[in-house]
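One letter stands for each residue in the lines below.
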There are 2 protein chains.
Amino acid sequence: MPVTIYDVAKKAGVGIGTVSRAINNSAQINPATKAHVLKIIKELHYQPHALAQSLARKKTFTIASVVPFFTNYFFVELLKSVQAALSNNNYDLILYSINRMDRRDTTLDRVLTERRADGVLIFSLGVSDEYAEKFIDSQIPVVIVDHMHPQIDSIVIANREGAYLATQHLIQVGHEQIGMIDGHLSSYPAILRLEGFKQALQENHLTFYDQWLEICDARVGEHGFNEAAGYKAMKRLLSRNSRLPTALFVASDVQALGVMRAAKEAGLRIPDDIALVGFDDIELAKFVGLSTMHQPIAQMGQMAVDHLLQRIQGVHHNGFYTELKAKLIVRESCGAKQAFRVQVE
Amino acid sequence: MPVTIYDVAKKAGVGIGTVSRAINNSAQINPATKAHVLKIIKELHYQPHALAQSLARKKTFTIASVVPFFTNYFFVELLKSVQAALSNNNYDLILYSINRMDRRDTTLDRVLTERRADGVLIFSLGVSDEYAEKFIDSQIPVVIVDHMHPQIDSIVIANREGAYLATQHLIQVGHEQIGMIDGHLSSYPAILRLEGFKQALQENHLTFYDQWLEICDARVGEHGFNEAAGYKAMKRLLSRNSRLPTALFVASDVQALGVMRAAKEAGLRIPDDIALVGFDDIELAKFVGLSTMHQPIAQMGQMAVDHLLQRIQGVHHNGFYTELKAKLIVRESCGAKQAFRVQVE
DNA sequence: ATGAAAGCGCTAACAG
DNA sequence: CTGTTAGCGCTTTCAT
């Protein structure tokens, strides 16, 4: 039987209110009695019961996060920064992971309904208008990360711009025949990255060839953002084109890894036969010399938490929507160094 | 103001007890009234308050997990399987991530004390006797994963045996001069893998050369299990040896990636100049053709959850300790195929 | 089968 | 400043 506030009160010879005041360093307590109570607390190894506190305070000091799968580098890094930021503010993190997309609504309902948390972080998940409504009704602060909804505070990477920049770089380096490997278009970033890609081509008066665009198969919940999908997509690209592009913008680094594997198998050299730019800047991008768009993931997590905590404290920016810029990292796979060398000579 | 059980009771014209019985499909309720109450519940969009339920039931349907960092592939995969298993059993997961090792005890105390959870999963963390004691006293079921304590139920990978097998393979393939790159010895698996390595050498009457053992620097909380540490360790190995080993057992795949990068920079070819076997079988091991020890991570997560849930239900195996076997996956980096080819010819 | 009442452990308003 | 009391929202006897 764990020790309760009553045990402490009795042993300290005070009322439970006083004990409560001692714990919550209330100003309304005599320093002497407070010290005494605290001493008894130590002796008894008393620890407040978080759930009881939450119930009485109507405040849980817990944030719920809804994450699809989270096997992926991006989520992990994000979760890590979120966890760090939360823990700095003495908030706990409860994880609702969505393994099957058909359970998404069930999970959202649960989050909405259980009221275990003071706020909700939704990662990379599209929220239907119906659920946006529900969240707004419920009054519980929500921020969506890596996706957006007009009615809900959202933080995203500037995907369109990032893709534009990546493609732009390929063009600057001298490429004119550029293809793209994208994630499945059920993914919001995949859509935007394709848009950015097309925009860059267009602005440079290059034509977009449909047969040079490969969309990865969407395995459950992952939108094709994995190595195997990239590999398969590249295989397809190779088999259905007699004339290949000289460069490829790949929507994510893990996919780019798959693309590299397929290219290698086909005897294609990177960047000589085919140049590559990825997106994400995972740790291994450096390892394989992959040029890519670096995303400020940690900053995104930190910002999401900051903003959510603000909202919980009642600060309400209307229609909060932030885009974080991705930054080009030039390594070997885009052939840039080679190209620059030519310029210099 | 959210709707409570009282609102439902009033509107349904019953007592709150009956409503409660309806929700918890108690047998002690007339099917007709139950149906009626359920209908009202639908109408009112009533949802039970999880915290209040937990407080009254003295049961939270939540598991606390204590994870160091979790940036690493191993944890992510593990957490994923844990999350899946938990969610199948309608348990929630609350995450206590340890970013700074000096906060470890604080975190454990919090877990112990807040009583938010019915059980605790501790990952890859050594538990001091003091805390083992505390956990046992607290009566709260705990299982340690990827580490062990004699007093606490533990599930680990058979690290010593895995390392032994990996080294054994290198030997079978013809290597006699074998070195090792290990994680920092503050890590339990790092210690065991070194032991297994030494044992294999010894049983084959090969000598262990101290200058061919590199221990990675332990950056905070990671025990050197990352790409950069592997890279640096390999650099050191190369710089301080004039005569190199012909093969290396590397304690983890991510480190092996770093080793490969350093080897490549030094103009060493794998496996021709130096053969490699890793440990973990991360997704990228396949990509780079790294031979490695595959760990049944998902199975480990599932088993941890199963066991913890059993304990929560009161089943108590005394001194539960399980080792899951790692399995050798032969790819290119160990030079095995080549060696086999030679044998065949 | 069902309503009333007594907690679960704590906070906060209310008197003093 | 401090003790008492009334909730927080629900489960669970205990009568009926």
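Bear in mind the structure is a predicted one, so any value in this text is a computation, not a measurement.

Structurally, chain A comprises domain 1 (5–57), domain 2 (62–157 + 297–325) and domain 3 (159–295 + 328–340). A C-alpha centroid distance of 61 Å is found between domain 1 of chain A and domain 3 of chain A.

Per-residue pLDDT for chain A averages 91, and the proportion of residues at 70 or more is 95%. Across residues 339–345 of chain A, where pLDDT falls below 50, the model places 1 contact with residues more than four positions away in sequence or in other chains.

Moving on, we come to the packing of helix α1 (residues 5–12) of chain A against helix α3 (residues 31–44) of chain A. All names here are of chain A. At a closest axis distance of 9 Å, the pairing of α1 and α3 adopts a crossing angle of 120°. Viewed along their axes, α1 and α3 adopt a mutual orientation that is oblique. Between α1 and α3 the crossing geometry is right-handed. Each of Asp7, Val8, Lys11 and Ala12 in α1 lies in contact with α3, whose residues at this interface are His36, Val37, Ile40, Ile41, Glu43 and Leu44. Of the residues assigned to the contact of α1 with α3, the class counts are 6 nonpolar, 1 polar and 3 charged.

Taken together, 29 residues lie near DNA strand D, and Gly15, Thr18 and Thr33 of chain A together with Ile5 and Tyr46 of chain B sit nearest. Taking the atoms of DNA strand D that fall within 4 Å of the protein, sugar and phosphate contribute 66% of them. Within the backbone of asparagine 30 of chain A, a nitrogen or oxygen atom sits 2.9 Å from a phosphate oxygen of DNA strand D. A distance of 3.5 Å separates a base nitrogen of DNA strand D from a polar atom in the side chain of tyrosine 6 of chain B. Looking at the surface near DNA strand D residue by residue, the class counts come to 12 nonpolar, 14 polar and 3 charged.

If you look at the interface, chain A gives 51 residues, while chain B gives 51 residues. When the two sides are added together, the surface that chain A and chain B hide from each other amounts to roughly 4,600 Å², 56% of it contributed by carbon and sulfur. Taken together, chain A and chain B are joined by 4 salt bridges. In this structure, the salt-bridge partner of arginine 116 of chain A is aspartate 92 of chain B, at a minimum N-O distance of 3.0 Å. Our enumeration of links across chain A and chain B arrives at 16 residue pairs in polar contact (both at pLDDT 80 or more). Among the elements of the structure, α4 (50–57), α5 (73–88), β2 (92–98), α6 (104–114), α10 (227–240), α11 (253–265) and α12 (283–288) of chain A are those that each provide at least two residues to the side of chain A that touches chain B. Considering each element in turn, the side of chain A that touches chain B owes the most residues, 8 residues, to α5 of chain A. Looking at the side of chain A that touches chain B, its residues break down into 24 nonpolar, 15 polar and 12 charged. The sheet contact formed by β2 of chain A and strand β2 (residues 92–98) of chain B spans 3 bridges and is antiparallel.

Turning to the relation of the copies chain A and chain B, a few remarks are in order. Placing chain A over chain B gives an RMSD of 0.1 Å and needs a rotation angle of 180°, together with 0.1 Å of translation along the axis. Taken together, the rotation and translation relating the two chain copies correspond to the operation of a two-fold axis. Ranked by how close their C-alpha atoms come to the rotation axis, the residues of chain A are headed by isoleucine 94 of chain A, at 2.1 Å. In this assembly the copies share their binding face: 98% of the residues contributing to the interface of chain A also contribute to that of chain B.

This part is about helix α2 (residues 16–23) of chain A. All names here are of chain A. Listing the buried residues of α2 in full gives Thr18, Val19 and Ala22. Each buried residue of α2 lies within a common arc of 100° when the element is viewed along its axis, so the set occupies one face. In the core, the buried residues of α2 are packed alongside α1 and α3.

What counts and how
Residues numbered from 1 in each chain as written. Chains lettered and ligands numbered in written order. Predicted model: local features only at pLDDT ≥ 70, side-chain atom pairs only at ≥ 80, totals over all residues. Heavy atoms only, no water. Domains from an automatic or database assignment. pLDDT = per-residue confidence, 0-100. Contact = heavy atoms within 4.5 Å. Axes fitted to C-alpha atoms, helices over the stretch in contact; angles between N-to-C directions. Helix = DSSP H or I, 4+ residues; strand = E, 2+ residues; numbered from the N terminus. Parallel < 35°, antiparallel > 145°, perpendicular 65-115°, else oblique. Left-handed = near helix turned anticlockwise from the far one by under 90°. Nonpolar A, V, L, I, M, F, W, Y, C, P; charged D, E, K, R; others polar. Near = heavy atom within 4 Å. Polar contact = N/O pair within 3.5 Å; in protein donor to acceptor, adjacent residues only side chain to side chain. Buried area = accessible area lost by both parts, 1.4 Å probe. Salt bridge = Lys/Arg side-chain N within 4 Å of Asp/Glu carboxyl O. Pairing = 2+ DSSP bridges. Least-squares fit on C-alpha atoms with pLDDT ≥ 70 in both. Buried < 20%, exposed > 50% of the residue type's maximum accessible area, 1.4 Å probe, protein only. Arc of directions from axis to C-beta.

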